[in-house]
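# Structural overview for review
Here is what each chain is made of, one letter per residue.
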Amino acid sequence: QISKALFDLTPKIRVIVRKRPLTRKELSKNDTDVVDIKDGNTVIVKETKTKVDLTKFVEEHNFTFDAAFDSDCNNEQLYISAIRPLVNAAFHKAKTTCFAYGQTGSGKTFTMMGDMHGDNKDNKKNIPGLYLLAVQDLFSICLLYTSPSPRDS
């Protein structure tokens, strides 16, 4: 779970990461998943190393973020937890932005734009991205502000 304090309106930069699932190619090669998410804000990267005597061992590197989402988190869950509070804050005079950063193939386009054609590993169509989900909320909130209330009739 993500702390409610994470989304207070005090100015700050928040770094939120999302683990991507292994690709079809990685799965077909039986590649090992080397990333774990712990406690909703820690990413553990497991690096296989070799000692001088040629025995293998795994070294774990821990990285802490404001929030970390596992690969089973879908775009809607990510949006509700991490982005919707920014959209709502914008209507309370907060200046907000959201962008994706990462290596090629890390899932930025899928997260931000979604997948309308079924090009994802599950072949699912009509998966909305964060942009579409935000626009839907923006228009819904605008309608609330512009719709006449029943007592105005």
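As the structure is a prediction and not an experimental result, all values here were calculated from the model.

### As for the pattern of salt bridges
- With the rule as written, the count across this model stands at 7 salt bridges.
- A salt bridge links D33 to K19; the nearest nitrogen and oxygen atoms lie 2.7 Å apart. With D33 in the loop between α1 (24-28) and β2 (35-38) and K19 in the loop between β1 (16-18) and α1, this residue pair connects regions lying 14 residues apart in the sequence.
- Among the ionic pairs, R20 bridges to E26, the shortest N-O distance being 2.9 Å.
- You can call R20 partly exposed: its relative accessible area is 31%.
- Accessibility expressed as a relative area gives 17% for E26, which makes it buried.

### A closer look at unusual backbone geometry
- The backbone of D39 sits at a positive phi, close to 60 degrees, despite the residue not being glycine.
- Even without being a glycine, L54 presents a positive backbone phi close to 70 degrees.
- You can see L54 is positioned in the loop between β3 (42-50) and β4 (56-64).

### Thoughts on helix α2 (residues 75-90)
- The largest bend in α2 amounts to roughly 50 degrees and is located at I83, with the proline P85 lying one to four residues further along.
- Those residues of α2 that sit buried are N75, L78, Y79, A82, I83, L86, V87 and A89.
- Lining the buried residues of α2 we find β1, β5 (67-69), α3 (108-113), β6 (114-115), β7 (127-128) and α4 (130-146).
- With a side-chain oxygen positioned 3.0 Å from the backbone nitrogen of E76, the residue opening α2 is N74.

### So, the nonpolar core
- Of all hydrophobic cores here, the largest spans 14 residues; its most connected members are F69, L78, Y79, A82, I83, V87 and L130.
- Within the residue set of this core, elements represented by two or more residues are β5, α2 and α4.
- Looking at this core element by element, the count peaks at 6 residues for α2.
- Those residues in contact with I83 that lie beyond four places of it in its chain are L78, C98 and L130.

### Details of the environment of T50
- Along the chain, T50 falls in strand β3.
- For T50, a relative accessible area of 42% corresponds to the partly exposed category.
- Here T50 is in contact with T55, K56 and F57, once residues within four sequence places are set aside.

### Things to note about the sheet that holds β2
- With antiparallel pairing, the 3 strands of this open sheet are ordered in space as β2-β3-β4. Only two strands of the sheet have a single partner each, and these edge strands are β2 and β4. Adjacent strand axes in the sheet meet at a mean angle of 30 degrees when their direction is disregarded.
- Sheet analysis places β2 next to β3, joined by 4 bridges and oriented antiparallel. Looking across to β3, one finds that V35 is bridged to V45.

### Things to note about the packing of α2 against α4
- Packing of α2 against α4 brings their axes to within 10 Å, and their N-to-C directions diverge by 45 degrees. What the angle tells us is that α2 and α4 run oblique. Taken as a pair, α2 and α4 cross one another with a handedness that is right-handed. Residues N75, E76, L78, Y79, I83, R84, V87 and N88 of α2 form the contact with α4, whose participating residues are L130, L133, A134, D137, L138 and I141.
- Considering only residue class, the contact of α2 with α4 consists of 9 nonpolar, 2 polar and 3 charged.

Definitions and limits used
- Residues numbered from 1 in each chain as written.
- Predicted model: local features only at pLDDT ≥ 70, side-chain atom pairs only at ≥ 80, totals over all residues.
- Heavy atoms only, no water.
- Salt bridge = Lys/Arg side-chain N within 4 Å of Asp/Glu carboxyl O.
- Helix = DSSP H or I, 4+ residues; strand = E, 2+ residues; numbered from the N terminus.
- Buried < 20%, exposed > 50% of the residue type's maximum accessible area, 1.4 Å probe, protein only.
- Bend = angle between axes of the 7 residues up to and from the residue.
- Contact = heavy atoms within 4.5 Å.
- Polar contact = N/O pair within 3.5 Å; in protein donor to acceptor, adjacent residues only side chain to side chain.
- Core = buried A, V, L, I, M, F, W, Y, C linked by side-chain atoms within 4.5 Å.
- Pairing = 2+ DSSP bridges.
- Axes fitted to C-alpha atoms, helices over the stretch in contact; angles between N-to-C directions.
- Parallel < 35°, antiparallel > 145°, perpendicular 65-115°, else oblique.
- Left-handed = near helix turned anticlockwise from the far one by under 90°.
- Nonpolar A, V, L, I, M, F, W, Y, C, P; charged D, E, K, R; others polar.

By themselves, these figures tell us nothing about what the structure is for.
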